[in-house]
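Take a look at the letters that make up each chain.
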Amino acid sequence: MRDRARAVIIGGGVGGASIAYHLAHAGWSDVVLVERAELTSGSTFHSAGLVGQLRSTVQLTEMMMYGVELYRRLDAETGRSPGWSEVGSLRLASTPARLEELRRQAGWAESFGLPLQLLSAAEAQERFPLMTLDGVLGAAFLPTDGYLDPSQLTFALAQGARQRGVAIETGTRVLGIEVERGHVRAVVTDRGRVETEVVVNAGGIYAPEIGRLVGVRVPIVAMAHEYLVTEPFRERQGHLPTLRDPDLLVYFREEGGGLIMGGYERHPAPFGLDGIPADFNNQLLEADWPRFEELSRNAVRRVPALETAGVMRLINGPEAFTPDGEFILGESEVRGFFVAAGFCAHGLAGAGGIGRVMAEWIVEGEPRQDLWHMDIRRFGAQYRSPAYTLSRVHETYSTYYDIRYPNQERLAGRPLRIPPAYPRHVGLEAVFGEKAGWERVNWYESNAHLAAQEPSPVGWAAEVWSPAIAAEHRATRTAAGLFDESSFAKIEVVGPGAATFLQQLCANDVARRVGQITYTQMLNPRGGIESDCTITRLAEDRFRIVTGTAFLAHDLGWIRRHLPDDGRVAVLDVTSAHACHALWGPAAREILAGLTPADLSNRAFPYMSAREITVGDVPCLALRVTYVGELGWELYCPAEFGSRLWDTLVEAGRPRGLVPGGYRAIDSLRLEKGYRVWGSDITPEDTPDEAGLGFAVRIDKPGGFIGRDALARARAAGPLRQLACLALADPRRVVLGNEPVRVGGRTVGRVTSGGYGYTVERSIAYAYLPREQAALGGAAEIEVFGSWIPAEVVTEPLWDPEGARVRGVEPAGVPVT
C-alpha cells in the first residue's frame with residue numbers, strides 16, 4: 001500500500017466508490033480507498049436499486065438528476081455497465097390528499113425540466129398491467145427514472161477511479177486515525193500507516209464506529225429493511241416501470257419474469273444497537289416474515305398475482321438511516337475528517353450526486369450548493385444520546401411514505417429542551433413546534449376566539465393552521481405581541497482580537513461603538529450568504545451574535561473555521577444561559593416604560609442599539625431590534641429570570657391589548673415587512689445584492705472581508721437575478737415554498753417562501769426572478785397544486801415601506817408616545 005495519499009476513503013460501498021471516482025475526475029489521483037472486506041460487502045450489495053429523481057429539496061433533486069446523467073454514460077466511459085435500466089417510474093395516489101401531493105410534485109418537476117406526467121388510474125394500469133385499480137385515483141409517471149444493479153454500479157465507479165490513478169485496497173481494516181491539533185494526519189490500517197490530510201468516512205452502517213476513532217458522533221442507526229424476490233410468474237414483454245404505492249407503503253420493480261416487492265412498515269426493527277459485529281461482511285439478517293406481513297398484505301391488494309407467485313427469497317439487510325431522513329455529508333469538527341453516510345436507502349439513486357458534491361467539498365473547501373440540511377454539523381449535542389437518535393430514526397423510517405405537510409412537526413423525543421417560561425405556554429394552550437430540540441410556540445390556541453371568523457386558507461395551507469395565528473398577528477400590529485425567543489442561538493466572540501476578526505468575517509461594519517447593533521451577513525469566497533445575523537458590541541473586546549435557532553451549529557462551525565490560532569479570540573455558545581422575550585407593537589414603549597426607570601425615548605434609546613436595563617425585578621440586556629416591522633425590544637435575561645420576566649410583561653401588557661404570540665405569527669409579520677429567512681430566501685448560493693440586502697454591505701471598509709472580491713466582481717457585472725416580492729391575485733391561495741413561477745409562459749424561478757399577510761390582506765410570495773422580469777408591476781404566474789395563479793411583482797416591503805413604525809417615529813416625524 002502507499003504510505004502517503006492526498007485523501008483516504010474508508011468504505012468500499014457505492015458512496016465511497018463514487019467519491020473516489022469524482023475526486024479522480026477533479027484531478028486528485030493520489031487517493032486510496034480502503035475496504036475491510038470486498039467492494040459492496042456492507043449494505044450496497046443488497047439494495048433494491050430503485051432510482052427516483054424528484055425529491056423534497058432542490059439540492060437533492062439536482063443530485064439525483066445528475067446521477068441519472070452519470071449512469072447513462074458510465075458504460076461507455078469505463079467499459080463496465082452499471083446495470084442501468086431507464087424504465088420510468090409510477091407513483092400512485094389512493095387518497096385525495098395523495099392526489100394533491102402528486103399535483104404539487106408535477107409543478108415541482110416542471111421547474112427542473114423533468115418530464116413528469118399526471119395519469120389517470122387506467123393510464124397507469126396500461127403501463128403496469130399487473131396492478132389493480134382498487135382505490136387508485138391517479139398517478140404520476142416520470143419516464144427518466146429507473147433502477148440499477150448495485151454491485152455493477154459500484155464496480156463501474158471503482159473502475160473509473162482506478163483508470164485515473166486511485167488505489168483501491170480491499171481486505172484492509174482501519175485500526176485508527178491520527179489527529180494532531182484538531183486535524184487528521186494519518187490512517188492506520190492492518191496493512192500499514194498512510195499519511196494524509198483528508199479522510200472520508202464512507203463506512204455506511206459502520207460509519208459511527210469509524211467516527212468514534214476521532215471523537216465524531218455520526219448519528220445513524222442501521223434499520224433492517226426487507227424486500228421479497230419472486231420466482232418468474234409472467235410472460236415478459238418489454239419492461240415494466242418501477243411502481244410506488246405510498247398509501248399502501250410498498251414499492252415494486254421487475255426482476256426478470258418476476259418482481260421485487262418491498263416497503264417501509266410501521267413497526268421497523270433496528271439492528272446492531274450495541275455495535276455491528278466485526279465479521280458482518282456480505283451477510284444478511286434472518287428473514288422476518290411476521291414483520292413483513294403488513295407489507296405482503298398491502299402488496300397483494302395492489303398486485304393480486306403476488307398471492308400465488310412463488311417466493312425465491314426474502315432479503316433482510318441493514319440500511320443506515322438518519323434522524324431526519326437526510327444524508328450526512330461534509331467536514332466534521334475535526335478538520336480534514338469528512339463524512340458521507342446515512343443514505344436512508346437512497347444510496348444507489350444518490351450515489352452520483354453524493355460523489356460529485358463530496359469531491360467539490362473536499363477539493364474547493366465548501367460545496368457549491370446549499371447543503372446545510374445534509375451537513376453533519378446540523379446535529380446538536382442531543383444526538384450524542386443513542387436513545388434519542390433511535391427514537392428519531394424510528395419515526396423517520398416508519399413514516400417514510402407519509403405525506404409531509406409544510407409546518408408539520410415531528411413528535412419523537414419530545415419535549416427535550418424547554419425554555420424557562422414553558423409552563424406558562426402550556427397554560428395558554430400553546431401548540432408547540434420544535435427546532436434543534438427546543439420546544440417553541442407556534443401559536444396559542446387560547447387566542448383562536450379572538451379571530452373566530454377568520455376564513456381558513458384552502459388546501460395544504462389549512463392542514464397546520466389556526467385562526468389564533470391571525471389574532472396574534474393583528475394584535476402585534478395594533479397593540480403589542482409578546483414572543484418567547486429563548487431558543488434563538490446566541491454566540492459571544494471575545495478577546496483583544498475580536499473586533500478585527502469579525503470585521504474580516506462580516507460584510508457590514510461591525511466594529512462600531514459599544515452598545516450599537518449591526519445587521520450583517522457573513523459571506524463565503526463566492527459572495528454567497530453563509531450567515532444572516534445581528535451583532536451587538538457589548539464591550540471593546542466582546543460581541544454577541546444572535547442567529548436562528550436551527551443555525552447555531554452552522555454559524556459556530558463557520559466562525560470557528562476562520563478563527564486565528566494566536567489565542568486572541570475566543571468563541572462561546574451562550575444560548576442556554578439567557579432567556580429572551582420579544583415585546584413588539586405600537587404599545588411596546590408604553591408597556592415597557594411602566595416597568596423600568598430607563599429612558600426609552602428615541603433620543604436615549606435609538607433603533608439598533610442595546611442597553612442594560614431593569615424590567616420589574618429582572619436585569620435585562622435590551623436590544624431595540626425587530627423581526628416583525630414594529631417598534632419594540634428583545635429582552636435578554638439570565639435564564640433563571642425567564643419565567644418572572646414573562647409574567648411581568650404579560651401582567652403589564654394585558655390592559656394595553658398585549659397578546660402572547662408564536663412563530664407562525666412572526667412568519668406572517670416578517671413576510672409583510674420583507675425580512676429574509678436564511679435557508680430559504682437567502683442561502684450560500686445567493687449574494688446580498690441578489691437578495692436585496694446590499695444595504696448591509698460595506699464593500700470598501702478597510703481590510704476587506706471574506707467574499708468581498710467575488711461580490712465586487714458581481715456588482716460590476718450587475719446581478720443576473722433578483723429576489724422579488726409577488727402578490728397573488730387570489731388571496732386565499734397560499735404558497736408554501738418551491739412552487740414554480742413562470743413569466744410569459746416560461747418557468748423562470750421557484751418560490752423561496754410565502755404565506756398570508758393578515759394586515760395587508762394579500763397572499764405573498766418571494767422568488768428569485770431574472771433581473772429584467774423582476775421589475776415592479778411585472779406579471780407572473782405561480783402554480784399552486786396544478787392551477788396557475790396570476791401574480792404581480794410589487795414594491796417591498798408591503799408594510800410600512802418608510803420604516804416609520806420600526807423606528808418609533810410617525811411619518812410626520814412626531815415621536816410615538
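1. A look at the overall build of the chain
Phase 1: From N to C terminus, the chain includes 18 helices and 39 strands.
Phase 2: In terms of overall dimensions, the chain is globule-like: its C-alpha atoms have a radius of gyration of 28 Å, near the 28 Å expected for 817 residues.
Phase 3: Summarising its shape, the C-alpha atoms of the chain cover approximately 85 × 60 × 50 Å along the three principal directions.
Phase 4: Nonlocal contacts in the chain, meaning residues at least 24 apart in sequence, comprise 71% of its contacts between residues at least 6 apart.
Phase 5: In the structure as shown, the chain presents an accessible area of about 30,100 Å², 50% of it carried by carbon and sulfur atoms.
Phase 6: One way to put it: in the chain the 84 positive side-chain charges average out to a point 4 Å from where the 100 negative ones average out.

2. A closer look at a positive patch on the surface
Phase 1: A surface patch of like charges, here positive, comprises R512, R513, R611 and R698.
Phase 2: Here R513 shows up in the loop between α12 (498–505) and β25 (517–523).
Phase 3: Overall, R513 belongs to the exposed group, its relative accessible area being 60%.

3. Observations regarding empty space enclosed by the protein
Phase 1: A full pass over the atoms with the stated rule returns one cavity of 30 Å³ or more.
Phase 2: Space inside the largest cavity adds up to approximately 40 Å³.
Phase 3: Here the lining of the largest cavity takes three residues from strand β22 (residues 438–444), the largest share from any one element.

4. Brief notes about the sheet that holds strand β9 (residues 174–180)
Phase 1: Here three strands make up an open sheet; going across it, the order is β9-β10-β11 and the pairing antiparallel. Every interior strand has two partners, whereas the edge strands, β9 and β11 (192–195), have only one. Each strand axis lies, on average, 25 degrees off the axis of its neighbour in the sheet, ignoring direction.
Phase 2: Pairing between β9 and strand β10 (residues 183–189): six bridges, direction antiparallel. In the sheet register, I177 faces β10, and the bridge partner there is V187.

5. As for the sheet that holds strand β38 (residues 779–784)
Phase 1: On the basis of which strands lie adjacent, the closed barrel formed by six strands has the order β34-β37-β36-β35-β38-β39 and antiparallel pairing. Geometrically, the sheet is characterised by an average inter-axis angle of 40 degrees between neighbouring strands, direction not taken into account.
Phase 2: One ladder, built from six bridges, connects β38 with strand β39 (residues 787–794); its direction is antiparallel. Residue A779 lies in a different strand from β39, and its bridge partner there is E792.
Phase 3: Lying over the sheet, helix α3 (residues 96–112) contacts β35 (740–743), β36 (746–757), β38 and β39, oriented at roughly 135 degrees with respect to β36.
Phase 4: Across the sheet, helix α16 (residues 663–673) is in contact with β36 and β37 (762–770); its angle to β36 comes to roughly 125 degrees.

6. Some details on the side chain of R477
Phase 1: As for its placement among the helices and strands, R477 is situated in helix α11 (residues 467–478).
Phase 2: Judged by relative accessible area, which is 5%, R477 ranks as buried.
Phase 3: In this structure the side chain of R477 is engaged in a polar contact, spanning 3.5 Å, whose partner is the side chain of T759.

7. So, unusual backbone geometry
For residues other than glycine, phi is negative in most cases, and the peptide bonds are mostly trans.
Phase 1: Of note, the amide linkage connecting R414 to P415 takes the cis form, showing an omega dihedral of -10 degrees.
Phase 2: By the element assignment, P415 lies in the loop between α9 (386–398) and α10 (422–427).
Phase 3: Each neighbour pair has its own omega, and for E796 with P797 the value is 0 degrees, a cis peptide bond.
Phase 4: For P797, the position within the fold is in the loop between β39 and α18 (804–807).
Phase 5: In the Ramachandran plot, C344 falls in the positive-phi region, its phi being about 50 degrees despite a non-glycine side chain.
Phase 6: Tracing the backbone through its elements, the reader meets C344 in the loop between β20 (337–341) and α8 (347–364).
Phase 7: Taking relative accessible area as the criterion, C344 reaches 1% and is therefore assigned buried.
Phase 8: One non-glycine residue, D800, lies in positive phi territory at about 50 degrees.
Phase 9: With respect to the secondary-structure elements, D800 resides in the loop between β39 and α18.

8. Focus on the confidence of the model for the chain
Phase 1: Summing up the model confidence of the chain, the mean pLDDT is 96 and the portion of residues at 70 or higher is 99%.
Phase 2: Between residues 810–817, whose pLDDT stays under 50, and residues either more than four places distant or in other chains, the model counts ten contacts.

9. What about the state of the cysteines?
Phase 1: If you walk through the whole model with that rule in mind, you get zero disulfides.
Phase 2: A disulfide-free cysteine, C533 has its sulfur positioned 5.7 Å from the sulfur of C506, the nearest such atom.
Phase 3: In this model C637 remains outside any disulfide bridge; the closest cysteine sulfur is found in C620, 5.1 Å from its own.
Phase 4: Look at C637 and you get buried, because its relative accessible area is 0%.

10. Digging into the packing of aromatic side chains
Phase 1: Counting across every chain of the model gives 25 aromatic pairs.
Phase 2: Judged by centre distance (5.1 Å) and plane angle (65 degrees), the rings of Y383 and Y388 are edge-to-face.
Phase 3: Classification of Y383 as buried rests on a relative accessible area of 9%.
Phase 4: Residue Y388 is classed as buried on the basis of its relative accessible area of 7%.
Phase 5: Considering the side-chain rings of F605 and W633, the 5.8 Å spacing of their centres and the 75 degrees angle between planes classify their relative orientation as edge-to-face. Of this pair, F605 sits in the loop between α14 (588–593) and β30 (610–615) while W633 sits in strand β32 (residues 632–638), placing them 28 residues apart in sequence.

11. Topic: the nonpolar core
Phase 1: Counting 50 residues, the largest nonpolar core has I9, L23, M63, L153, F327, L329 and M358 as the members making the most contacts within it.
Phase 2: When contributions to this core are tallied by element, the ones reaching two or more residues are β1 (7–10), α1 (14–25), β2 (31–35), α2 (58–78), α5 (150–162), β20 and α8.
Phase 3: The greatest single-element share of this core, amounting to nine residues, is contributed by α8.
Phase 4: Residues in contact with L329, not counting those within four places in the same chain, are M63, V339, A340, F343, I354, V357, M358, W361, M374, D375 and I376.
Phase 5: With 40 residues, the next largest nonpolar core counts V221, M223, C344 and V393 among its residues.

12. Overview of the layout of surface pockets
Phase 1: Empty space within the second largest pocket amounts to approximately 570 Å³.
Phase 2: The wall of the second largest pocket is formed by 38 residues, among which A202, G203, G204, I205 and Y206 lie closest to the centre.
Phase 3: Looking at the lining of the second largest pocket, the elements with two or more residues in it are α1, β2, α6 (207–212), β18 (311–321), β20 and α8.
Phase 4: Broken down by element, the lining of the second largest pocket gets its largest block of residues, three residues, from α1.

About the criteria used
Residues numbered from 1 in each chain as written. Predicted model: local features only at pLDDT ≥ 70, side-chain atom pairs only at ≥ 80, totals over all residues. Heavy atoms only, no water. Helix = DSSP H or I, 4+ residues; strand = E, 2+ residues; numbered from the N terminus. Rg over C-alpha atoms; globule rule 2.2 N^0.38 Å. Contact = heavy atoms within 4.5 Å. Areas by Shrake-Rupley, 256 points an atom, 1.4 Å probe, with all protein chains shown as cover. Lys, Arg positive; Asp, Glu negative; His and termini not counted. Charge placed at Lys NZ, Arg CZ, Asp CG, Glu CD. Patch = residues over 30% accessible without salt bridge, like charges linked within 9 Å, V, L, I, M, F, W, Y side chains within 5 Å. Salt bridge = Lys/Arg side-chain N within 4 Å of Asp/Glu carboxyl O. Buried < 20%, exposed > 50% of the residue type's maximum accessible area, 1.4 Å probe, protein only. 1 Å grid on protein atoms, 1.4 Å probe; cavity = no way out; pocket = protein on both sides within 12 Å on 5 of 7 lines; lining within 4 Å. Points joined across faces, edges and corners; volume = space filled by probe spheres on them. Pairing = 2+ DSSP bridges. Axes fitted to C-alpha atoms, helices over the stretch in contact; angles between N-to-C directions. Polar contact = N/O pair within 3.5 Å; in protein donor to acceptor, adjacent residues only side chain to side chain. pLDDT = per-residue confidence, 0-100. Disulfide = S-S within 2.5 Å. Phe/Tyr/Trp six-rings, centres within 6.5 Å; stacked < 30°, edge-to-face > 60°. Core = buried A, V, L, I, M, F, W, Y, C linked by side-chain atoms within 4.5 Å.

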